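Chain and residue survey
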Amino acid sequence: MKLWGGRFTKGTDKSVDDFNSSIRFDCRMYKQDIRGSIAHARMLGEQGIITKNESSSICNALEEILSDIENGMVEFENDAEDIHMNVERLLISRIGDVGKKLHTGRSRNDQVALDTRMYIKQEIIEIKSMLVGLEETLLSLAEQNLDTIMPGYTHLQRAQPVTFAHHMMAYFQMLKRDLERLDDCFGRTDFMPLGSGALAGTTYPLDRKMVAEELGFAQITQNSMDSVSDRDYVVELCSCISILMMHLSRLSEEIILWSSHEFNFITLDDAYSTGSSIMPQKKNPDVAELVRGKTGRTIGNLVTLLSMMKSLPLAYNKDMQEDKEAVFDSIDTVKMCLPVFTKMLATIKINKDIMYTAAGLGFTNATDAADYLVKKGVPFRTAHEITGKLVLHCIKKGISIENLPLTELQQFSVHFENDLYNSIRLESCVNYRNILGGPAKDAVTGSIKSGKAFIDSLK
Ligand code: ARG
């Protein structure tokens, strides 16, 4: 018999039970569901809505159910639909009529909102701590590579020299914003919805504040219809995860490129790469490729949720049950990616000489040659044109700017003098860019320092 079976004249068709049921995926919220029910029951007792005795026998039985589930002693039932009704059915089977009082002043609509918010809050904390581990890896790679000069790219063409430290710190900043985004999402999820009932609140004198405090919520939702009908916190978490995964995917793409024979900027540790079943020589960056690939599914989950929500009238609609598989998958995916990605990154070998040689090719110091002329009084546009012509001349001769003799350089501008050679050394190109946010050793040292302070502030 269904817990809602009173107005029905016959049982549900088995196909509908199977179709309607969410227990196979929402069972993972059993702890939140039971903790929520205990808080609700305790409050019902305090408010005199049920007796203190009834309240404590409900709470005790729920504690037992929780530990039985944890010890694998409970089998959930498909025809009980979801985790909420499975737990309630178990409770009633154990303590009879008193158990039937638990759902007083509550609906599954505010209950599922509560469980999901509690679940998401917990997961945000875990994702954040994994992300902190990755940030620390980036900081230590940066610290070890303050002098590791590499080409910086735009359009995937060599552009200007930077350092590997600066490149890593770019990702540090992106992931720092991801941490902040997750925090923001936590703050907006941290509202307790019980007391909203099915949609129109309740006539019982519930103490919403007491429930919120017991369950560790910072705030209480302010509109009963909103409480049961929005899932923006679910969408927001999926969005945060998609953005974070998009960042990991970009770094993955670079790792894949850098570890190719063509670049050979880094070598992946054998423990974090894989071989080919046919080509004996192969060493493949599968971890980075899978992270890049899995980013797609997190974006898919975000689109699933937005499309699922976009036309729903207020208040609760069963469509919203579809939110769980999407958000659970995004959570599982990012939690699977972060630790292995971090370890892969922490173990890369950096081929500094190859990076340095690559930085010296492709006229990455041309801007600095133009800037040299500007500092001698030549207007920037003119200096740009002179240097462009100089680069063309060098391309034809197959030589780089610093290898031309001064007399030849002076055919392009009389302002070129001996000190040019120092100004366009790769080390100068990098370290003269000592502007806040720039690649110079001093500037990057400063950004590592504030990065560390940020990470420490989270602990
Ligand atoms: N399993 C449902 C969900 O995830 C719980 C809420 C059901 N409410 C209802 N009125 N049928 O959305």
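Scroll up to find the structure this text is about.
Residues numbered from 1 in each chain as written. Predicted model: local features only at pLDDT ≥ 70, side-chain atom pairs only at ≥ 80, totals over all residues. Heavy atoms only, no water.

For the rest of this paragraph, the subject is the overall build of the protein. The helix and strand inventory of the protein stands at 19 helices and six strands. Here the protein has a C-alpha radius of gyration of 30 Å; the compact-globule value for 459 residues is 23 Å, and the former is much larger. Relative to its full complement of 459 residues, the protein shows a buried share of 49%. At a minimum sequence separation of 6, the contacts of the protein that also span at least 24 residues come to 75%. Positive and negative charge centroids in the protein, built from 52 and 62 side chains respectively, lie 3 Å apart. (Helix = DSSP H or I, 4+ residues; strand = E, 2+ residues; numbered from the N terminus. Rg over C-alpha atoms; globule rule 2.2 N^0.38 Å. Buried < 20%, exposed > 50% of the residue type's maximum accessible area, 1.4 Å probe, protein only. Contact = heavy atoms within 4.5 Å. Lys, Arg positive; Asp, Glu negative; His and termini not counted. Charge placed at Lys NZ, Arg CZ, Asp CG, Glu CD.)

When strand 1 (residues 149-154) meets strand 2 (residues 157-163), the two strands line up antiparallel, connected through six bridges. Looking at strand 2, one finds that Ile 149 is bridged to Thr 163. (Pairing = 2+ DSSP bridges.)

In the vicinity of the ligand, the residues found are Ser 22, Asp 26, Asp 82, His 84, Arg 108, Asn 109, Val 112, Tyr 316, Gln 321 and Lys 324. A distance of 3.5 Å separates a nitrogen atom of the ligand from a polar atom in the side chain of Ser 22. The side chain of Tyr 316 places a nitrogen or oxygen atom 2.5 Å from an oxygen atom of the ligand. In the complex, 86% of the free accessible area of the ligand, which totals 340 Å², lies under the protein chains. Ranked by residue count, the leading element in the shell around the ligand is helix 6 (residues 108-144), at three residues. In terms of residue class, the shell around the ligand is made up of two nonpolar, four polar and four charged. (Near = heavy atom within 4 Å. Polar contact = N/O pair within 3.5 Å; in protein donor to acceptor, adjacent residues only side chain to side chain. Areas by Shrake-Rupley, 256 points an atom, 1.4 Å probe, with all protein chains shown as cover. Nonpolar A, V, L, I, M, F, W, Y, C, P; charged D, E, K, R; others polar.)

This part is about the packing of helix 3 (residues 30-46) against helix 6. Taken N-terminus to C-terminus, the directions of helix 3 and helix 6 make an angle of 120 degrees; their axes are 9 Å apart at the nearest point. By the criterion of interaxial angle, the relationship of helix 3 to helix 6 is oblique. Considering only the axes of helix 3 and helix 6, their crossing is right-handed. The segment helix 3 lies against helix 6, with Gln 32, Asp 33, Arg 35, Gly 36 and Ser 37 engaging Gln 111, Leu 114, Asp 115, Met 118 and Tyr 119. Here the contact of helix 3 with helix 6 is composed, by residue class, of three nonpolar, four polar and three charged. (Axes fitted to C-alpha atoms, helices over the stretch in contact; angles between N-to-C directions. Parallel < 35°, antiparallel > 145°, perpendicular 65-115°, else oblique. Left-handed = near helix turned anticlockwise from the far one by under 90°.)

Next up on the list: the packing of helix 6 against helix 7 (residues 164-189). Their axes nearest at 9 Å, the elements helix 6 and helix 7 cross at an angle of 165 degrees. It follows that helix 6 is roughly antiparallel to helix 7 by the angle criterion. At the point where helix 6 passes helix 7, the crossing takes the left-handed sense. When grouped by side-chain class, the residues that make up the contact of helix 6 with helix 7 number 21 nonpolar, one polar and eight charged.

Membership of the largest hydrophobic core comes to 72 residues, with the highest contact counts inside it found for Leu 237, Leu 248, Ile 255 and Ile 266. Among the secondary structure elements, those contributing two or more residues to this core are helix 6, helix 7, helix 10 (232-258), helix 11 (286-309), helix 12 (323-346), helix 13 (352-360) and helix 19 (441-458). The element contributing the most residues to this core is helix 10, with 14 residues. Apart from the residues within four sequence positions on either side, Ile 266 is in contact with Ile 255, Trp 258, Ser 259, Ile 348, Lys 349, Ile 350, Asn 351 and Met 355. Counting 32 residues, the second largest nonpolar core, distinct from the first, contains Ile 38, Val 87, Ala 212 and Phe 217. (Core = buried A, V, L, I, M, F, W, Y, C linked by side-chain atoms within 4.5 Å.)

What follows covers the side chain of Ser 423. Tracing the sequence through the fold places Ser 423 in helix 17 (residues 420-423). You can call Ser 423 buried: its relative accessible area is 18%. Leaving out residues up to four positions away in the same chain, Ser 423 has contacts with Asp 368, Tyr 372, Ser 428, Cys 429 and Tyr 432.

For the rest of this paragraph, the subject is the pattern of salt bridges. This model, assessed by the stated rule, comprises 35 salt bridges. Here Asp 79 and Arg 89 are joined by a salt bridge, their closest N and O atoms 3.1 Å apart. Taken together, the positions of Asp 79 in the loop between helix 4 (52-70) and helix 5 (83-95) and Arg 89 in helix 5 put the pair ten residues apart, joining distant regions of the chain. The class for Asp 79 is partly exposed, based on a relative accessible area of 29%. Within the structure, one salt-bridge network assembled from shared partners comprises Glu 81, Asp 82, Arg 108 and Lys 318. (Salt bridge = Lys/Arg side-chain N within 4 Å of Asp/Glu carboxyl O.)

A word on the packing of aromatic side chains. In the structure shown here, the tally under the stated rule is six aromatic pairs. Each ring, one from Phe 263 and one from Phe 265, has its centre 5.2 Å from the other, and the planes form 85 degrees; the classification is edge-to-face. Ring geometry for Tyr 372 versus Phe 416: centroids 6.0 Å apart, planes at 20 degrees, classification stacked. Taken together, the positions of Tyr 372 in helix 14 (residues 366-375) and Phe 416 in the loop between helix 16 (406-410) and helix 17 put the pair 44 residues apart, joining distant regions of the chain. Neither Tyr 372 nor Phe 416 differs from the other in exposure class; each is buried. (Phe/Tyr/Trp six-rings, centres within 6.5 Å; stacked < 30°, edge-to-face > 60°.)

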